[in-house]
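Chain residues, written in single-letter form:
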Amino acid sequence: MLIHVLKSKIHRARVTAGDVDYEGSLGIARDLMDKAGLLPYERILCGNMANGERFETYAIAAERGSGQIILNGATALLGKPGDRLTIMSFAEVDAAEAKSWKPQVIVLGDGNTIIR
């Protein structure tokens, strides 16, 4: 049996920009993606802490070290710069592996710098 588990989480990411005319996705600074174990084009679920919106999209790499979190396409209508997001990805693992599973989680502070 396969169990769905949290694979990666970026908590308290602050939206830096939005572009409704972009084709879609969420731009995330590449160093933050690497630290959380997110891959380019990986499916993600986002929760906006400012307005309660939840949306599903995919991650694309923004400039490494830029701190960018960019709402693109339709997701740009679900938040605004300054909003805090929780960004999550999930994996399917065998039930035995799920018992000791540990996700990669980072918590961001000012300027989208990693504080934990």
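Residues numbered from 1 in each chain as written. Predicted model: local features only at pLDDT ≥ 70, side-chain atom pairs only at ≥ 80, totals over all residues. Heavy atoms only, no water.

## Some thoughts on the overall build of the chain
So, step 1. Looking only at helices and strands, one finds two helices and eight strands in the chain.
So, step 2. Each helix and strand of the chain, ordered N terminal to C terminal, gives the series β-β-β-α-β-β-β-β-α-β.
So, step 3. The C-alpha radius of gyration of the chain comes to 14 Å, within 12% of the 13 Å expected for a compact globule of 116 residues.
So, step 4. Taken along its principal axes, the extent of the C-alpha atoms in the chain is 45 × 30 × 25 Å.
So, step 5. Counting the 116 residues in the chain, one finds 43% classified as buried.
So, step 6. When the accessible surface of the chain is summed, it comes to about 6,400 Å², and 52% of that surface belongs to carbon and sulfur atoms.
So, step 7. Distance between charge centroids for the chain: 9 Å, based on 14 positive and 14 negative side chains. (Helix = DSSP H or I, 4+ residues; strand = E, 2+ residues; numbered from the N terminus. Rg over C-alpha atoms; globule rule 2.2 N^0.38 Å. Buried < 20%, exposed > 50% of the residue type's maximum accessible area, 1.4 Å probe, protein only. Areas by Shrake-Rupley, 256 points an atom, 1.4 Å probe, with all protein chains shown as cover. Lys, Arg positive; Asp, Glu negative; His and termini not counted. Charge placed at Lys NZ, Arg CZ, Asp CG, Glu CD.)

## Quick word on the nonpolar core
So, step 1. Ile10, Leu26, Ile28, Leu32, Ile44, Ile69 and Ile87 are the most contacted members of the largest nonpolar core, which totals 21 residues.
So, step 2. Mapped onto this core, the elements with two or more residues apiece are strand S1 (2-14), strand S3 (25-29), helix H1 (30-36), strand S4 (43-48), strand S5 (54-62), strand S6 (69-72) and strand S7 (84-94).
So, step 3. Not counting the four nearest positions on each side in its chain, Ile28 is found in contact with Ile10, Met33, Leu38, Ile44, Ala59, Ile60, Ala61, Ala62, Gln68, Ile69 and Ile87. (Core = buried A, V, L, I, M, F, W, Y, C linked by side-chain atoms within 4.5 Å. Contact = heavy atoms within 4.5 Å.)

## A closer look at the pairing of S5
So, step 1. By the bridge criterion, four bridges tie S3 to S5 in an arrangement that is parallel. Residue pairing across strands places Ile28 opposite Ala61, the latter belonging to S5.
So, step 2. Here S4 runs beside S5; their pairing, made up of five bridges, is antiparallel. Among the inter-strand pairings, Cys46 is bridged to a residue of S5, identified as Phe55.
So, step 3. Linking S4 to S5, which pair antiparallel, is a turn of five residues; within it Gly52 sits at a positive phi near 80 degrees. (Pairing = 2+ DSSP bridges.)

## Regarding the pattern of salt bridges
So, step 1. Summed over all chains, the structure comprises five salt bridges.
So, step 2. Ionic pairing is found between Lys80 and Asp83, a salt bridge with its closest N-O pair at 3.2 Å.
So, step 3. Here Lys80 falls in the exposed class, since its relative accessible area comes to 51%.
So, step 4. Salt bridges here are not isolated pairs; linked through shared partners, they connect Arg30, Asp34 and Arg64. (Salt bridge = Lys/Arg side-chain N within 4 Å of Asp/Glu carboxyl O.)

## With respect to the sheet that holds S1
So, step 1. Within the open sheet, the eight strands sit side by side as S2-S6-S3-S5-S4-S7-S1-S8. Their pairing is mixed. Of all the strands in the sheet, just strand S2 (17-19) and strand S8 (104-107) have a single pairing partner and so form its edges. With direction set aside, neighbouring strand axes in the sheet form an average angle of 30 degrees.
So, step 2. Sheet topology places S1 next to S8; four bridges connect them, and they run parallel. (Axes fitted to C-alpha atoms, helices over the stretch in contact; angles between N-to-C directions.)

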